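Structure at a glance
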Amino acid sequence: MDETAPPDLTPLDPRYKRVLRIGGAIHAAVFLIAATVAEIALDGWTGLFWIPALIIGALLVFGLPGRRYRSRGYRLGADELRVVKGVWFHSDITVPLGRVQHIDIGQGPIERANGLATLVLHTAGTQNASVSLEGLAHEDAAAMRDAVREVMRSLMR
């Protein structure tokens, strides 16, 4: 399985790996808490639930974030934005900038703490009417928003 984004794409900000690891740690903590409750409910500590939860947690924190980071990328052209992502479920989306209705920049608390943002392009249409590009430096997301806005203005003239 090829887990690297095509070489003609721009990689995401390296700080995004940390954000993915934090998200994985949150999910791992939930697994470990549930496994601990299941272990306590048994008549003794067997490790039947806790060991698999620990392995899954380690994968969520140390294995999967790097693969997810390497499988993502983007390219902003003069008239389109291409977004590639996915380790197991691969998607390669091209958004013609002429179809963009509006643009959002979002930040969750973990992204904000790491100086990252998500650029969301909303297009005319019903299915896949919005495309998100996570893992951008906030300044890069703002610059891309402004560039797309200029393309939108030029098309309206």
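Everything numeric in this text was worked out from a predicted model, so none of it was measured.

Taking 1.5 Å as the rise per residue, helix 1 (residues 15-41) with 27 residues should run 39 Å; its terminal C-alpha atoms sit 40 Å apart, in good agreement. For helix 1, the full list of buried residues reads Y16, V19, L20, G24, A28, A35 and E39.

When a protein is soluble and globular, its nonpolar side chains tend to lie buried together. Of all hydrophobic cores here, the largest spans 24 residues; its most connected members are V100, L121 and L136. Broken down by secondary-structure element, the contributors of at least two residues to this core are helix 1, strand 2 (80-85), strand 4 (100-106), strand 5 (116-123), strand 6 (130-137) and helix 4 (138-156). Element by element, the count of residues in this core is highest for helix 4, at 5 residues. Each of domain 1 (15-70) and domain 2 (73-156) accounts for three or more of the residues forming this core. Residues contacting L121, with those up to four places away along its chain left out, are L81, V95, V100, H102, I103, A129, S130, V131 and V148.

Many authors give the size of an interface as the accessible area that is lost as the parts come together. Per the domain assignment, the segments of the protein are domain 1 (15-70) and domain 2 (73-156). With centres defined by C-alpha atoms, the gap from domain 1 to domain 2 works out at 31 Å. Summing the contributions of domain 1 and of domain 2, the shared interface buries around 860 Å²; its carbon and sulfur component is 69%. Of all residues in domain 1, R15, Y16 and V19 give up the largest surface area on contact with domain 2, accounting jointly for 58% of the area buried on that side. At the boundary of domain 1 and domain 2, one finds 0 salt bridges. Looking at the side of domain 1 that touches domain 2, the elements that each hand over two or more residues are helix 1 and helix 2 (50-70). Of the residues forming the side of domain 1 that touches domain 2, the biggest block, 6 residues, is contributed by helix 1. Here the residues of the side of domain 1 that touches domain 2 sort into 5 nonpolar, no polar and 4 charged.

Definitions and limits used
- Residues numbered from 1 in each chain as written.
- Predicted model: local features only at pLDDT ≥ 70, side-chain atom pairs only at ≥ 80, totals over all residues.
- Heavy atoms only, no water.
- Helix = DSSP H or I, 4+ residues; strand = E, 2+ residues; numbered from the N terminus.
- Expected span 1.5 Å × (residues − 1).
- Buried < 20%, exposed > 50% of the residue type's maximum accessible area, 1.4 Å probe, protein only.
- Core = buried A, V, L, I, M, F, W, Y, C linked by side-chain atoms within 4.5 Å.
- Domains from an automatic or database assignment.
- Contact = heavy atoms within 4.5 Å.
- Buried area = accessible area lost by both parts, 1.4 Å probe.
- Salt bridge = Lys/Arg side-chain N within 4 Å of Asp/Glu carboxyl O.
- Nonpolar A, V, L, I, M, F, W, Y, C, P; charged D, E, K, R; others polar.

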